[in-house]
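# Inside the fold
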Amino acid sequence: MSAVDEVALAARLSSVREKIAAALTSNGRAVDDATLIVVTKFHSADVVRALVACGVHDVGENKHQEATAKYDECAGLGVNWHFIGQLQSNKAVAVRRYAHAVHSVDRASLVTALDRAGDNAPETKTLECFLQINLTDDPARGGASWADIPAMSEMLLQARTLTFAGVMAVAPLGVDPREAFEQVARASELVRTIAPQAHAISAGMSHDFEAAIEAGATHLRIGSQITGKRPAPG
Ligand SMILES: *Cc1c(COP(=O)(O)O)cnc(C)c1O
C-alpha cells in the first residue's frame, strides 16, 4: 500500500474549498453555508487521518463493509461518518454503530429498520437521515420516486430515533446537472410542506458541485477532486 501524499492531498482540498467558497459567495450565500463531506471510498484509513489533520470534519462512504472497517481503524478521530450508498435493511443496526448520517434512505422498510435500530440510543433522534430521490426512471439507481416523496417524508418525520435532515440526489449522467438540481430543489420544497425543518439538500459531487451550490445544496459529497484518482476496488 502506497503512503499518502499529504502535500498533494492538502493542495487539492484547499483548491476545492476555495471553489466552494467562491460559488457560495457568487450565489449570495455565506462561505460556511455548505458542509463539505469528503468521499473516501476505496481510500485507506490513512487518507481519512490526513484529511482530518487538514481540518475535515465529515467523510462519506458508500459500502458498509469498507466503512465499518475504516471506522474501527480511525477510532477516536472524532470525524463524522456519512453513509451515502445503497443500504440493505439488515445492515441498519451495524450502520448505526458508526454513522452520523445516512444519505440514501429511499424506502419505507429502511426507515423502519433504521428507526428500530436506534432503540438503544441514549437520546432520541440521533441519526440524521436524507431522503434520496431518484432522478432517473431506472429503479436500480436507488432513490425514492417523486410519487413516494409525501409518504416517505411523513414517515421520516414521525420516526422516533431519526432526524429528518432533507433530500439527497445524484445527478444522472448525460443530463445538464443544473436541470437535475432544479428538480432536487423542487423535491426539497415538496418535502418542506410536510417537514419544514428538513431543509438540507445533499447534492453535488466532484464534477457538478458548483451547479449544486447554485441550486441550494447544503451538503456536498466530493471525492476524486480531493482524494485524487480512486485506487481500483479490491
Ligand atoms: C462516489 C460518490 C460521490 C463522490 O463522487 P466523486 O465524483 O468522486 O466526487 C458522491 N456521492 C455518491 C453517492 C457517491 O457514491
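Let me sum up the structure you'll find in this document. Note that this is a predicted model, so its numbers are computed, not measured.

## A look at the overall build of the protein chain
In terms of regular secondary structure, the protein chain is built from nine helices and eight strands. For 234 residues, the compact-globule estimate of 2.2 N^0.38 gives 17 Å, and the protein chain sits close to it at 17 Å. By its C-alpha atoms, the protein chain is 45 × 40 × 30 Å across when sized along the principal axes. Counting only residues that meet the buried cut, the protein chain has 49% of its 234 residues in that class. Here the contacts in the protein chain between residues at least 6 apart in sequence split such that 62% fall between residues at least 24 apart. Accessible area for the protein chain stands at about 11200 Å²; split by element, carbon and sulfur atoms hold 51% of it. Where the 22 positive side-chain charges of the protein chain centre and where its 27 negative ones centre are 4 Å apart.

## Let's talk about the pattern of salt bridges
Enumeration over the complete set of coordinates arrives at eight salt bridges. With a closest N to O distance of 2.5 Å, Arg160 and Asp119 form a salt bridge. Taken as a pair, Arg160 in the loop between α6 (149-158) and β6 (162-168) and Asp119 in the loop between α5 (108-117) and β5 (127-132) lie far apart in primary sequence, 41 residues in all.

## What to know about the packing of α6 against helix α7 (residues 177-194)
The packing of two helices is summarised by the inter-axis angle and the distance between the axes. Relative to each other, α6 and α7 sit at 50°, their axes nearing to 9 Å. One finds that α6 runs oblique with respect to α7. Judged by the twist between their axes, the crossing of α6 over α7 is right-handed. On the side of α6, the interface is formed by Ile149, Pro150, Ser153, Glu154 and Leu157, while α7 contributes Ala187, Leu190, Val191 and Ile194.

## What to know about the nonpolar core
Membership of the largest hydrophobic core comes to 66 residues, with the highest contact counts inside it found for Ile20, Val102, Leu114, Leu131 and Ile226. Residues contacting Ile20, with those up to four places away along its chain left out, are Leu36, Phe209, Ile213, Leu220 and Ile222. Counting five residues, the second-largest nonpolar core is a separate cluster that includes Ala101, Ala165, Met168 and Ala200.

## Re the packing of aromatic side chains
Inspection of the entire model under this criterion finds two aromatic pairs. Between Tyr71 and Trp81 the ring centres are 6.1 Å apart and the planes differ by 80°, which places this aromatic pair in the edge-to-face class. Here Trp81 lies in strand β3 (residues 80-83) and Tyr71 lies in helix α3 (residues 64-73), a separation of ten residues in the sequence. Classification of Tyr71 by relative accessible area gives partly exposed; the value is 26%. By relative accessible area, which is 4% here, Trp81 ends up buried. Between Tyr71 and Tyr98, the aromatic rings sit 5.7 Å apart at their centres with planes inclined by 35°, giving tilted as the arrangement. Of the two residues, Tyr71 sits in helix α3 while Tyr98 sits in helix α4 (residues 92-98), which places them 27 residues apart along the sequence.

## Details of the environment of Leu114
Tracing the chain through its elements places Leu114 in helix α5. Remark: the alpha-carbon pair of Leu114 and Cys129, spanning 15 residues in sequence, is separated by 9.3 Å.

## With respect to the pairing of strand β4 (residues 99-105)
Along β4, six of the seven residues are buried, which leaves the element largely enclosed by surrounding structure. The pairing of β3 with β4 spans three bridges and is parallel. Looking at the pairing, Trp81 lines up with Ala99 of β4. With three bridges connecting them, β4 and β5 associate as parallel partners. Bridge assignment links Val102 to a residue of β5, and that residue is Cys129.

## Points about unusual backbone geometry
Even without glycine at this site, Phe42 takes up a positive phi of about 70°. Topologically, Phe42 is positioned in the loop between β1 (35-39) and α2 (45-53).

Thresholds applied
Residues numbered from 1 in each chain as written. Predicted model: local features only at pLDDT ≥ 70, side-chain atom pairs only at ≥ 80, totals over all residues. Heavy atoms only, no water. Helix = DSSP H or I, 4+ residues; strand = E, 2+ residues; numbered from the N terminus. Rg over C-alpha atoms; globule rule 2.2 N^0.38 Å. Buried < 20%, exposed > 50% of the residue type's maximum accessible area, 1.4 Å probe, protein only. Contact = heavy atoms within 4.5 Å. Areas by Shrake-Rupley, 256 points an atom, 1.4 Å probe, with all protein chains shown as cover. Lys, Arg positive; Asp, Glu negative; His and termini not counted. Charge placed at Lys NZ, Arg CZ, Asp CG, Glu CD. Salt bridge = Lys/Arg side-chain N within 4 Å of Asp/Glu carboxyl O. Axes fitted to C-alpha atoms, helices over the stretch in contact; angles between N-to-C directions. Parallel < 35°, antiparallel > 145°, perpendicular 65-115°, else oblique. Left-handed = near helix turned anticlockwise from the far one by under 90°. Core = buried A, V, L, I, M, F, W, Y, C linked by side-chain atoms within 4.5 Å. Phe/Tyr/Trp six-rings, centres within 6.5 Å; stacked < 30°, edge-to-face > 60°. Pairing = 2+ DSSP bridges.

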